[in-house]
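Structure at a glance
One-letter residues, chain by chain:
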Amino acid sequence: MRVDTWWRGQATAGLLACLTMFASDAGADLPEQTQRDRLRVCADGNNLPFTNEAGEGFENRIAELLADDLDLPLEYVWAPQVMGFVRNTLELRLCDVIIGVAAGYGFVQNTNDYYRSIYSLVMPANADLDVSSLDDEDLQGRRIGVVSETPPLVPLRRTGARVEGYALQTDTRARTPAREAVEDVAAGRTEAAVLWGPIAGYYAARQTPPLEVVPLVDDETGARLEYRITMGVRQGEPYWKDTLNDFIERRQDAINAILVDYGVPLLDRHGELVDPLAASGGQDDE
């Protein structure tokens, strides 16, 4: 069973500020909950390929897998994933887990990572581009889309690409800049785009004709393009973290199958691409 709720910060700014101010102090004194009657997930209701209200994202499917594994009804607390998302959802104890969080993100306690991916180049299949690194001379003078303030931006500028910027922080109820970046490539408004791998793989496959996706595993610029993705929980909840780590370990193959179904470029622990046909049999972690 799935229960959906929508929380959009309807409290006044003053009340929300008070709740936020006292949440960390009060939460520090609360014992960890060890018995749960539902799985409450913090999520953005319009953030494909990750989540949406219709349950069409791969994080929706992972949340469903987790709820089934725990034999709990699934409930979402929806909020735009912009600045203050963690503070106004997880920290206020309105929900208990964020399905996708980069390892090392300081506002949550991270579980073990359950996938690794990398920024990827999206371009037409017949493009006259032969690029494996963001310092490739073939990018000079090319109109390349990139989300502002993301790691590919600086090396692209140094290489001499004509950067077309897309907003990083935006209310996804109004627009989805990363999707627009892919659609601009498909329409010929830009020659290529460099985007986070899960976004690149998902939207490239949905263009007509589909666009080519080149994971930048051979990049030599030193930019951080590879990230490990975990689940995020509140600090001071070791039992809950262990529960989720156990789920990840036992159901990794099923998680991989979901990610492959959405075109997510997957890497093993050595930074090598994982064959999509073999991914559901387990990633190479040796």
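The coordinates are above.
Conventions adopted
The written sequence of each chain sets the order in which its residues are numbered from 1. The predicted nature of this model means local features are confined to residues of pLDDT at least 70 and side-chain atom pairs, given and counted, to a pLDDT of 80 or more, with totals for whole chains, interfaces and linings taken over all residues. Excluded from the side-chain calculations are hydrogens and water; all other atoms, namely the structure's heavy atoms, are used. Helical segments are the DSSP runs of H or I of at least four residues, strand segments are the runs of E of at least two, and each set is numbered from the N terminus. Using a 1.4 Å probe on the protein chains alone, a residue whose accessible area is under 20% of its type maximum counts as buried, one over 50% counts as exposed, and one in between counts as partly exposed. Under this definition, polar contacts are N or O atom pairs within 3.5 Å; protein pairs additionally need one hydrogen-donor-capable and one acceptor-capable atom, and for neighbouring residues in sequence, both atoms have to be side-chain atoms. Residue contacts follow a heavy-atom distance rule, with two residues in contact if any of their heavy atoms lie within 4.5 Å. Only strands joined by at least two bridges in the DSSP assignment are considered to pair. Comment: axis = line fitted to C-alpha atoms, over the contacting stretch for helices; angle = value between 0 and 180 degrees taken between N-to-C directions. Note on aromatic pairs: the rings of Phe, Tyr and Trp (six-membered ring only in Trp) are paired at centre separations within 6.5 Å, and the planes decide the class, stacked below 30 degrees, edge-to-face beyond 60, tilted for the rest. Charge-over-ring placement is defined geometrically: NZ (Lys) or CZ (Arg) within 6 Å of the ring centre, and within 35 degrees of the ring normal. Any two cysteine sulfur atoms within 2.5 Å of one another count as a disulfide. Patch membership is restricted to residues that have no salt bridge and whose relative accessible area is over 30%. Joining uses 9 Å for like charges and 5 Å for the nonpolar side chains Val, Leu, Ile, Met, Phe, Trp and Tyr. Note on areas: these come from Shrake-Rupley sampling with a 1.4 Å probe, and a residue is covered only by the protein chains present in the view. In what follows, salt bridge is the name for a side-chain nitrogen of Lys or Arg lying within 4 Å of a carboxyl oxygen of Asp or Glu. Charged residues are defined narrowly, with Lys and Arg counted positive, Asp and Glu counted negative, and His plus the chain ends left uncounted. We put the charge of a Lys on NZ, of an Arg on CZ, of an Asp on CG and of a Glu on CD.

It is worth spelling out the side chain of Arg-40 at this point. With respect to the helices and strands, the residue Arg-40 is situated in strand β2 (residues 39–43). Residue Arg-40 is classed as buried on the basis of its relative accessible area, which comes to 14%. Polar side-chain contacts of Arg-40 include one of 3.3 Å to the backbone oxygen of Leu-94. Discounting residues that sit within four places of it in the chain, Arg-40 has contacts with Glu-75, Arg-93, Leu-94, Cys-95, Asp-96 and Val-97.

The next subject is the sheet that holds strand β11 (residues 162–166). Across the sheet, which stays open at both edges, the 5 strands sit in the order β11-β10-β12-β9-β13 with mixed pairing between neighbours. Unpaired on one side and paired on the other, β11 and β13 (212–215) mark the two borders of the sheet. Strand-to-strand twist of the sheet, defined as the mean angle between neighbouring strand axes without regard to direction, takes the value 25°. Contacts from helix α5 (residues 177–187) reach β9 (120–123), β11 and β12 (192–195) within the one sheet, and its direction differs from that of β12 by about 155°. On the sheet, helix α6 (residues 197–204) packs against β9, β12 and β13 and is oriented at approximately 20° with respect to β9.

The next thing to look at is the packing of aromatic side chains. Two aromatic rings are characterised by how far apart their centres lie and by the angle between their planes. Under the criterion given, the structure shown has 10 aromatic pairs. Ring centres of Tyr-105 and Phe-107 lie 5.3 Å apart, and the angle between their planes is 50°; on these two criteria the pair is classed as tilted. When its relative accessible area of 35% is taken as the criterion, Tyr-105 is described as partly exposed. Ring geometry for Tyr-202 versus Tyr-203: centroids 4.9 Å apart, planes at 85°, classification edge-to-face. Neither residue differs from the other here; Tyr-202 and Tyr-203 are each classed as buried. Joined through ring pairs, the aromatic side chains of Phe-50, Phe-58, Tyr-114, Tyr-115, Tyr-202, Tyr-203 and Tyr-262 make up one cluster. The cationic tip of Arg-36 hangs over the ring face of Trp-240; the distance from NZ or CZ to the ring centre is 3.9 Å. Lying across the ring of Tyr-202, Arg-206 places its NZ or CZ 3.7 Å from the centre.

Turning our eyes to something else, we now look at the environment of Val-97. By the element assignment, Val-97 lies in strand β6 (residues 97–102). Owing to a relative accessible area of 0%, Val-97 belongs among the buried residues under this scheme. For the pair Val-97 and Gly-232, spaced 135 residues apart in sequence, the C-alpha to C-alpha distance is 5.6 Å. The contact partners of Val-97, leaving out residues within four places of it in the chain, are Leu-39, Arg-40, Val-41, Cys-42, Leu-90, Met-231, Gly-232, Val-233, Trp-240 and Leu-244.

Of all the 5 residues making up β2, 5 are buried; the element is thus mostly covered by neighbouring parts of the structure. Across the two faces of β2 the burial is the same, with Leu-39, Val-41 and Ala-43 and Arg-40 and Cys-42 all buried. As defined by bridge partners, β2 adjoins β6 across 2 bridges and the pair is classed as parallel. Counterpart to Cys-42 in the pairing with β6 is Ile-98.

Attention shifts here to the state of the cysteines. Overall, the coordinates contain 1 disulfide when judged by the stated rule. Each sulfur of the disulfide joining Cys-42 and Cys-95 lies 2.0 Å from the other. The sign of the S-S torsion, about 110°, decides the handedness of the disulfide formed by Cys-42 and Cys-95: right-handed. Within this pair, whereas Cys-42 is found in strand β2, its partner Cys-95 is found in the loop between α3 (85–88) and β6, the two being separated by 53 residues in sequence. Judged by relative accessible area, which is 3%, Cys-42 ranks as buried.

Attention now moves to a negative patch on the surface. On the surface, Asp-135, Glu-137, Asp-218, Glu-220 and Glu-272 cluster together to form a negatively charged patch. Within the secondary structure layout, Glu-272 lies in the loop between α8 (252–261) and α9 (276–279).

All right, on to unusual backbone geometry then. A cis amide bond links Leu-48 to the next residue, Pro-49, at an omega of 10°. Structurally, Pro-49 is set in the loop between β3 (46–47) and β4 (51–52). Each neighbour pair has its own omega, and for Thr-208 with Pro-209 the value is -5°, a cis peptide bond. Relative to the elements of secondary structure, Pro-209 occurs in the loop between α6 and β13. For Glu-149, which is not glycine, the phi dihedral falls at a positive 70°.

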